[in-house]
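Descriptive structure summary
Okay, here's what each chain looks like letter by letter:
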Amino acid sequence: MRKNIYLETDKAGARLREVRLTKQMTLSQFYTPITKHIGNCSSIESGRRRIGKRLSKEILEYHRINPRYLNTGMGEMFLRSDDPAEQLPHLEEGVPFFNVNLTEMTFGELQVFQDPPEYYVNYRPFNDCDAYLPIYGDSMYPKFSSGEIIIVKEIRNRDIIQWGEAYLVVTDEQANNITTVKLLFEHPNPEKIVLRALNPEFKGDTVIQRGGIKRIFLVKGKVTRNHL
């Protein structure tokens, strides 16, 4: 049976490093049995280089790594045995849908979302995204209505912001652990950023320190649900 491995390659490198350190192996010890290009593997772990499908498949098989863990950070790190009946399910293709309130979600360091997804959505125009999430409340009406589903992609380079666009922003204690979807605008102080609701009934901007942002995701699209 063909193994269907779908990796979110911008996160796989950090998790490969976690696997390697768990096995207490150096870069050379971990990758030399698979490839001679150790420098490329170092770049993959640091996020400077994307991992190819062929190399990822060889690493997964040689070290018995659970594909679901490598892609999402969830589940066991390693497959449990050579018996297919005891192996964990192969990773489903697509982007996970998390049916939870944004304010109740937990965000890890390596895995973007720690809560288990309900299912995966395989729609090619958005398969480079990180998650489908329901949005509640009216602060972003009419762009986003309560009950609709937003599709988000994590932003790695926070110096490049599309001002005036909607982002999911996750902050730390400096900004009261806010998790919210707002339009982002420049602040006169480059160390700060402006969060603004779209609905005119929600007046007043929220200004936070850039350093207080733990995670930031561009809202790339939405799915509208009809309620009967």
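Residues numbered from 1 in each chain as written. Predicted model: local features only at pLDDT ≥ 70, side-chain atom pairs only at ≥ 80, totals over all residues. Heavy atoms only, no water.

1. Structural notes on the side chain of Ser-43
Checked against the element boundaries, Ser-43 lands in helix α3 (residues 38-46). Apart from the residues within four sequence positions on either side, Ser-43 is in contact with Arg-48 and Arg-49. (Helix = DSSP H or I, 4+ residues; strand = E, 2+ residues; numbered from the N terminus. Contact = heavy atoms within 4.5 Å.)

2. A closer look at unusual backbone geometry
Put simply, Tyr-141 and Pro-142 share a cis peptide bond, and its omega is 10°. You can see Pro-142 is positioned in the loop between β3 (131-134) and β4 (149-154). Positive phi, normally seen in glycine, also occurs at Asn-176, with a value near 60°. Backbone geometry places Asn-177, a non-glycine residue, at a positive phi of 55°. Among the structural elements, Asn-177 can be located in the loop between β5 (166-171) and β6 (179-186).

3. Describing the pattern of salt bridges
Applying the stated criterion across every chain yields a total of eight salt bridges. Close ionic contact of Glu-61 with Lys-57 constitutes a salt bridge, the shortest N to O distance being 2.7 Å. Here Glu-61 and its partner Lys-57 are both found in helix α4 (residues 53-63), four residues apart, which amounts to about one turn of the helix. Note on Glu-61: relative accessible area 36%, which makes it partly exposed. A residue is classified by how much of its surface remains accessible, and Lys-57, at 37% relative accessible area, is partly exposed. Two residues, Arg-196 and Asp-205, come together in a salt bridge whose shortest N-O distance is 2.8 Å. By relative accessible area, which is 31% here, Arg-196 ends up partly exposed. Salt bridges here are not isolated pairs; linked through shared partners, they connect Asp-128, Lys-153 and Lys-220. (Salt bridge = Lys/Arg side-chain N within 4 Å of Asp/Glu carboxyl O. Buried < 20%, exposed > 50% of the residue type's maximum accessible area, 1.4 Å probe, protein only.)

4. A few points about the pairing of strand β7 (residues 192-196)
Alignment of β6 against β7, held across four bridges, turns out to be antiparallel. Within β7, the residue paired with Phe-185 across the bridge is Val-194. Adjacent in sequence and paired antiparallel, β6 and β7 are bridged by five residues. In this structure, β7 lies alongside strand β8 (residues 206-209), joined through four bridges in antiparallel fashion. The partner of Lys-192 across the bridge, within β8, is Gln-209. (Pairing = 2+ DSSP bridges.)

That's the geometry; what it means functionally is another story.
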